[in-house]
Number of protein chains: 2
Amino acid sequence: MAKRTGLSEDAVAQRALALIDADGIEGLSMRKLAAELGVSTMTLYSYFPDRAALLDGVAQAIYAQIDAPEDAGGPRETLRVLMRGVRRVLLAHPHALPLIAEYPPRTLAALAFINAGFRALRRAGVGPRDTARAYRALAAYSLGTAQVEINGYFRAGEGPAAGRPESEESSVEVGRILPYLAEVGPLLGELDDAGEFDYGLDLTLDGFMGRHAT
Amino acid sequence: MAKRTGLSEDAVAQRALALIDADGIEGLSMRKLAAELGVSTMTLYSYFPDRAALLDGVAQAIYAQIDAPEDAGGPRETLRVLMRGVRRVLLAHPHALPLIAEYPPRTLAALAFINAGFRALRRAGVGPRDTARAYRALAAYSLGTAQVEINGYFRAGEGPAAGRPESEESSVEVGRILPYLAEVGPLLGELDDAGEFDYGLDLTLDGFMGRHAT
DNA sequence: ACCTGAACACCGTTCAAGT
DNA sequence: ACCTGAACACCGTTCAAGT
């Protein structure tokens, strides 16, 4: 690509990620990013055809941060380690999460952690198709968990954890219409995020291992 | 709020949702929405303080479409029906999914389906805390599933389902570096979305029921 | 009191020009 | 060949003015 600037696609994507971490996706403009890198705005277009391609590149850079663990202690433990790593990396870049949801892993470095997940199941004797099915369920759960954690679905006093709609009806009224929400909702906010992630992961793994008794 | 226009917050949000369904979130501008509604751009600001509040309103309108099923056939079946309904509504508005991820349910109508989920578990004798924990895991899984389905994570030939990085390395090279991806990835694209959603849901429910043998 | 047009401070991207 | 400034066609939101 560009020759004189001394930049690379990855260098541009990394700087874009830093700006997103600081100011959010809306805070990243082609103009600001170019200024940070000391080039003209239009020079960015020699690395990425448009802003969407740049954002895809940022997503790939994040995926590449996820560890691909070696097998140790059986597939169940390897998958637990892998998915905890997924969660950790996603939580490290909360403003970038919409990009993870939108752009699937695509580059070699971005796909390495998935290869590790498949390997753990295949080596344990799980067939290719059941490996795909189990991985799919675990990946959806891990991505969904990052979403609800980052966006405060279950944070005390917000969303369903409030146990009542925001400033619309009186709490008394709500307790009558949505009594189970009023009772259980506030408990959502008291749960420990990391512990609950493991809990849900274990539920799925329990279910899977129950069907593939080894 | 505004008196002369004959509009309401909900009417504005519903029209915004229709525009998003057609053109995506980026395709929704305050100017275009106002023109659709036959009012000046600034009139919208008497219903919502800014664009973010409008998008939150769109999310609430979507949550309100999710059915809150009565108990029938036990908690397991009720939760299955509930979560299938969540998936169905989210898939009906693919362009709006980022709003669901960003804005948790907040209004009375938007929270009704959660009350139904809590009710199914509480009536089955599950304690308030375990109800919160189980619901959290199921909600994260259902949201994550909608994300990966809509964004083609597992669609044949895209993302990990391609089994190879996009136009970077030769397939031969990749089969050597990420052999499990090359073997299992393509199978992801052959799975049936609705069936796989039920599969992952059942894994979690199996795990949960195994711990709460009734 | 209620609504609005013009203006402000931004965007992403096209394109013709500069070296 | 490689890079860029100006221009184009948009944005969300502020604000002073109109009825």
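Residues numbered from 1 in each chain as written. Chains lettered and ligands numbered in written order. Predicted model: local features only at pLDDT ≥ 70, side-chain atom pairs only at ≥ 80, totals over all residues. Heavy atoms only, no water.

In terms of nonpolar packing, the biggest core is built from 138 residues, with A:Leu33, A:Leu99, A:Ile100, B:Leu33, B:Leu99 and B:Ile100 touching the most fellow members. Non-local contacts of A:Ile100, meaning those with residues more than four positions away in its chain, are made with A:Ala59, A:Ile62, A:Tyr63, A:Leu90, A:Leu143 and B:Tyr153. (Core = buried A, V, L, I, M, F, W, Y, C linked by side-chain atoms within 4.5 Å. Buried < 20%, exposed > 50% of the residue type's maximum accessible area, 1.4 Å probe, protein only. Contact = heavy atoms within 4.5 Å.)

Bringing the interface of chain B and chain A into the picture now. Listed per partner, the contact involves 70 residues of chain B and 69 residues of chain A. At the boundary of chain B with chain A, total buried surface from both sides reaches about 6,400 Å², with 67% on carbon and sulfur atoms. It is B:Leu108, B:Arg136 and B:Tyr180 in chain B that bury the most area against chain A; as a group they hold 13% of the surface buried on that side. Between chain B and chain A we count 10 salt bridges in total. Among the ionic pairs, B:Asp206 bridges to A:Arg211, the shortest N-O distance being 3.0 Å. Run the count over chain B and chain A and you get 21 residue pairs in polar contact (both at pLDDT 80 or more). Taken together, the elements giving at least two residues each to the side of chain B that touches chain A come down to α5 (97–102), α6 (108–123), α7 (128–150), α8 (171–177), α9 (179–188) and α10 (193–211) of chain B. Sorting elements by how many residues they give to the side of chain B that touches chain A places α7(B) first, with 17 residues. The class makeup of the residues in the side of chain B that touches chain A is 37 nonpolar, 14 polar and 19 charged. (Buried area = accessible area lost by both parts, 1.4 Å probe. Salt bridge = Lys/Arg side-chain N within 4 Å of Asp/Glu carboxyl O. Polar contact = N/O pair within 3.5 Å; in protein donor to acceptor, adjacent residues only side chain to side chain. Helix = DSSP H or I, 4+ residues; strand = E, 2+ residues; numbered from the N terminus. Nonpolar A, V, L, I, M, F, W, Y, C, P; charged D, E, K, R; others polar.)

Time to look at the UniProt feature "domain: HTH tetR-type" (unreviewed entry) in chain A. The positions that UniProt labels "domain: HTH tetR-type" (unreviewed entry) are, in the present scheme, residues 6–66 of chain A. For residues 6–66 of chain A, the end-to-end C-alpha separation is 27 Å, with 59% helix and 0% strand making up the annotated structure. (UniProt positions renumbered as here; feature names shortened; annotations may be inferred.)

Turning our eyes to something else, we now look at the packing of aromatic side chains. Evaluated as defined, the whole model comprises 8 aromatic pairs over all chains. Ring plane angle 10° and centroid distance 5.5 Å describe the contact between B:Tyr141 and B:Phe197, whose orientation is recorded as stacked. With B:Tyr141 in helix α7 and B:Phe197 in helix α10, this residue pair connects regions lying 56 residues apart in the sequence. Pair check on accessibility: B:Tyr141 and B:Phe197 agree, each one buried. Relative to B:Phe154, the ring of B:Tyr153 lies with its centre 6.1 Å away and its plane at 75°, an arrangement referred to as edge-to-face. Here the two residues B:Tyr153 and B:Phe154 agree in accessibility, since each one is buried. Geometry around B:Tyr199 places A:Arg133 over its ring, the cationic atom sitting 3.9 Å from the centre. (Phe/Tyr/Trp six-rings, centres within 6.5 Å; stacked < 30°, edge-to-face > 60°. Lys NZ or Arg CZ within 6 Å of the ring centre and 35° of its normal.)

Mapping chain B onto chain A calls for a rotation angle of 180° and an axial translation of 0.0 Å; the resulting RMSD is 0.0 Å. What we have between these two chains is a two-fold relation. A share of 99% of the interface residues of chain B reappears at the interface of chain A, consistent with the copies meeting face to face through the same patch. (Least-squares fit on C-alpha atoms with pLDDT ≥ 70 in both.)

On to the packing of α6(B) against α7(B), then. All names here are of chain B. The contact between α6 and α7 brings their axes to 9 Å, and the two run at 130°. One way to sum up the angle between α6 and α7 is to call them oblique. Both α6 and α7 take part in a crossing whose hand is right-handed. Contacts between α6 and α7 pair Phe113, Ile114, Phe118, Leu121 and Arg122 from the former with Pro128, Thr131, Ala134 and Tyr135 from the latter. Among the residues forming the contact of α6 with α7, the class breakdown is 7 nonpolar, 1 polar and 1 charged. (Axes fitted to C-alpha atoms, helices over the stretch in contact; angles between N-to-C directions. Parallel < 35°, antiparallel > 145°, perpendicular 65-115°, else oblique. Left-handed = near helix turned anticlockwise from the far one by under 90°.)

Attention shifts here to helix α3 (residues 51–63) of chain A. Residues and elements named next belong to chain A. In a regular helix each residue adds 1.5 Å, so 13 residues correspond to 18 Å; α3 covers 19 Å between its end C-alpha atoms and thus fits that length. The buried fraction of α3 amounts to 10 of the 13 residues, a majority that puts the element mostly inside the structure. Every buried residue of α3 is listed here: Leu54, Leu55, Asp56, Gly57, Val58, Ala59, Gln60, Ala61, Ile62 and Tyr63. Here the buried face of α3 lies against α1 (9–23), α2 (30–37), α4 (74–92), α5 (97–102) and α6 (108–123). (Expected span 1.5 Å × (residues − 1).)

For the rest of this paragraph, the subject is the pattern of salt bridges. In the structure shown here, the tally under the stated rule is 36 salt bridges over all chains. Note that A:Arg84 is salt-bridged to A:Asp198, the shortest N-O span being 2.9 Å. Placement of A:Arg84 in helix α4 and of A:Asp198 in helix α10 (residues 193–211) is noted, with a sequence separation of 114 residues between them. According to the relative accessible area criterion, A:Arg84 is partly exposed, its value standing at 33%. By relative accessible area, A:Asp198 is classed as buried at 19%. One network of salt bridges, in which partners are shared, links A:Arg76, A:Glu77, A:Arg80, A:Asp202, A:Asp206 and B:Arg211.

Looking now at the UniProt feature "DNA-binding region" (unreviewed entry) in chain A. Listed under "DNA-binding region" (unreviewed entry) in the UniProt record, and renumbered for this structure, are residues 29–48 of chain A. The span residues 29–48 of chain A is 40% helical and 0% strand by assignment, and the distance between its end C-alpha atoms comes to 14 Å.

When you line up the elements, A:Ala134 lands in helix α7 (residues 128–150). The buried category is assigned to A:Ala134, whose relative accessible area is 3%. The residues contacting A:Ala134, other than those within four sequence positions of it, are A:Leu121, A:Phe208 and B:Tyr199.

So, on to the environment of B:Tyr47. Looking at the element boundaries, B:Tyr47 is found in the loop between α2 (30–37) and α3 (51–63). Spatially, the C-alpha atoms of B:Tyr47 and B:Ala13 are 9.5 Å apart, while their sequence positions differ by 34 residues.

This brings us to the side chain of B:Ser142. Residue and element names in this part refer to chain B. Relative to the assigned elements, Ser142 resides in helix α7. In this structure Ser142 comes out as buried when scored by relative accessible area, which is 1%. The residues contacting Ser142, other than those within four sequence positions of it, are Met83, Val86 and Phe197.

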